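Here's the letter readout for the chains.
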Amino acid sequence: MVESSLLSRLAPRGSLLRFGIAGSVNSLAFFILWEVFLMVLSDIDVRILWGTAWGLTGVMAHFVHRAYTFDSRKPVKWTFATSIPTYVISLVGSSFTIGELSGMYPTNLRELSVLNMLAWGFIVWLTMRVLVFQYKEDESHSQTA
């Protein structure tokens, strides 16, 4: 379990770094899905494609962050139900901002989508840490990822 120990030291549970590491799996799944949507459904508004991909990968994200970023102290019934508003707000907000950015900078859509994802990812991390998982380091499990 040297890897778990190293991970726990470098990116402790609840940290933004650990969220980013776990979230990279979610982000990759999201980005691939969004790219497929852009190729196959190019005549549909970019905000709808973004929001659909965001919503579909949001459920996966909840369970990834529950297992790897935070912990399972709170029942899944609680964390799943309270994470829904977080993902809905981030879905609407990130869809709006990608729509605005695509209108202002249409040739930089891919680069701006990464920045948009990172900005909204920070908001999701903060909300999940404070409201959903109510994570406190002094109460953390000795359990490792």
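Everything discussed here concerns the structure shown above.
Computed from a predicted structure; not experimentally measured.

**Q** Honestly, the overall build of the chain in this entry has me stumped. Any pointers?
**A** Within the chain, the regular secondary structure consists of five helices and zero strands. What you see in the chain, going N to C, is helices and strands ordered as α-α-α-α-α. Over its C-alpha trace the chain gives a radius of gyration of 16 Å, about what one expects of a compact globule, namely 15 Å for 145 residues. C-alpha extents for the chain along the principal axes are approximately 50 × 30 × 25 Å. Residue pairs at least 24 apart in sequence account for 72% of intrachain contacts in the chain once pairs closer than 6 positions are excluded. In the structure as shown, the chain presents an accessible area of about 8,200 Å², 71% of it carried by carbon and sulfur atoms. Taken together, the 11 basic and 10 acidic charged side chains of the chain have centroids lying 10 Å from each other.

**Q** Just checking my understanding: could you explain the packing of aromatic side chains for this structure?
**A** Two aromatic rings, taken as a pair, are described by how far apart their centres are and by the angle between their planes. Applying the stated rule across the entire model yields nine aromatic pairs. With a centroid separation of 4.7 Å and an interplanar angle of 20°, the aromatic rings of Phe70 and Phe133 are classed as stacked. Taken together, the positions of Phe70 in the loop between helix 3 (46-69) and helix 4 (76-104) and Phe133 in the segment after helix 5 (109-132) put the pair 63 residues apart, joining distant regions of the chain. Side by side, Phe70 and Phe133 carry an identical accessibility label, which is buried. Here the aromatic rings of Phe122 and Trp125 are separated by 5.6 Å at their centres, their planes lie at 40°, and the arrangement is tilted. Remark: Trp125 and Phe122 occur in helix 5; sequence separation between them is three residues, near one turn of the helix. Feature note: the residues Phe30, Phe31, Trp34, Trp50 and Trp54 constitute an aromatic cluster, connected by ring pairs. The ring of Trp78 has Lys74 sitting right over it, with the charged end atom 5.4 Å from the ring centre.

**Q** Would you take a moment to explain helix 2 (residues 16-40) for this structure?
**A** The α-helix winds at 3.6 residues per turn, so residues separated by three or four positions along the chain end up facing the same way. For helix 2, spanning 25 residues, the distance from its first C-alpha to its last is 34 Å, which sits close to the expected 36 Å at 1.5 Å a residue. The largest bend in helix 2 is about 35°, located at Gly23. For helix 2, the set of buried residues is Arg18, Phe19, Ala22, Gly23, Asn26, Phe30, Trp34, Glu35, Phe37 and Leu38.

**Q** For this particular structure, what's the right way to read the packing of helix 3 against helix 4?
**A** Helix-helix packing is characterised by the crossing angle of the two axes and by the distance between the axes. Where helix 3 meets helix 4, the closest approach of the two axes is 9 Å, and the angle between their N-to-C directions is 150°. Taken together, the axes of helix 3 and helix 4 are roughly antiparallel relative to one another. In this structure, the crossing between helix 3 and helix 4 has a hand that is right-handed. Considered class by class, the residues forming the contact of helix 3 with helix 4 number twelve nonpolar, twelve polar and three charged.

**Q** Could you clarify how one ought to interpret helix 3 in this entry?
**A** Compared with the 34 Å implied by 1.5 Å per residue over 24 residues, the 30 Å span of helix 3 between its first and last C-alpha is markedly short. Bending of helix 3 peaks at approximately 35° at the position of Gly58.

**Q** Looking at this structure, I do not really get a nonpolar patch on the surface. What am I missing?
**A** Together, Leu16, Phe122, Ile123, Leu126, Val130 and Leu131 line one region of the surface with nonpolar side chains, adding up to about 520 Å² of accessible area. Considering each element in turn, the nonpolar patch owes the most residues, five residues, to helix 5. Locating Val130 in the fold gives a position in helix 5.

Here is what the cut-offs are and how they apply
Residues numbered from 1 in each chain as written. Predicted model: local features only at pLDDT ≥ 70, side-chain atom pairs only at ≥ 80, totals over all residues. Heavy atoms only, no water. Helix = DSSP H or I, 4+ residues; strand = E, 2+ residues; numbered from the N terminus. Rg over C-alpha atoms; globule rule 2.2 N^0.38 Å. Contact = heavy atoms within 4.5 Å. Areas by Shrake-Rupley, 256 points an atom, 1.4 Å probe, with all protein chains shown as cover. Lys, Arg positive; Asp, Glu negative; His and termini not counted. Charge placed at Lys NZ, Arg CZ, Asp CG, Glu CD. Phe/Tyr/Trp six-rings, centres within 6.5 Å; stacked < 30°, edge-to-face > 60°. Buried < 20%, exposed > 50% of the residue type's maximum accessible area, 1.4 Å probe, protein only. Lys NZ or Arg CZ within 6 Å of the ring centre and 35° of its normal. Expected span 1.5 Å × (residues − 1). Bend = angle between axes of the 7 residues up to and from the residue. Axes fitted to C-alpha atoms, helices over the stretch in contact; angles between N-to-C directions. Parallel < 35°, antiparallel > 145°, perpendicular 65-115°, else oblique. Left-handed = near helix turned anticlockwise from the far one by under 90°. Nonpolar A, V, L, I, M, F, W, Y, C, P; charged D, E, K, R; others polar. Patch = residues over 30% accessible without salt bridge, like charges linked within 9 Å, V, L, I, M, F, W, Y side chains within 5 Å. Salt bridge = Lys/Arg side-chain N within 4 Å of Asp/Glu carboxyl O.

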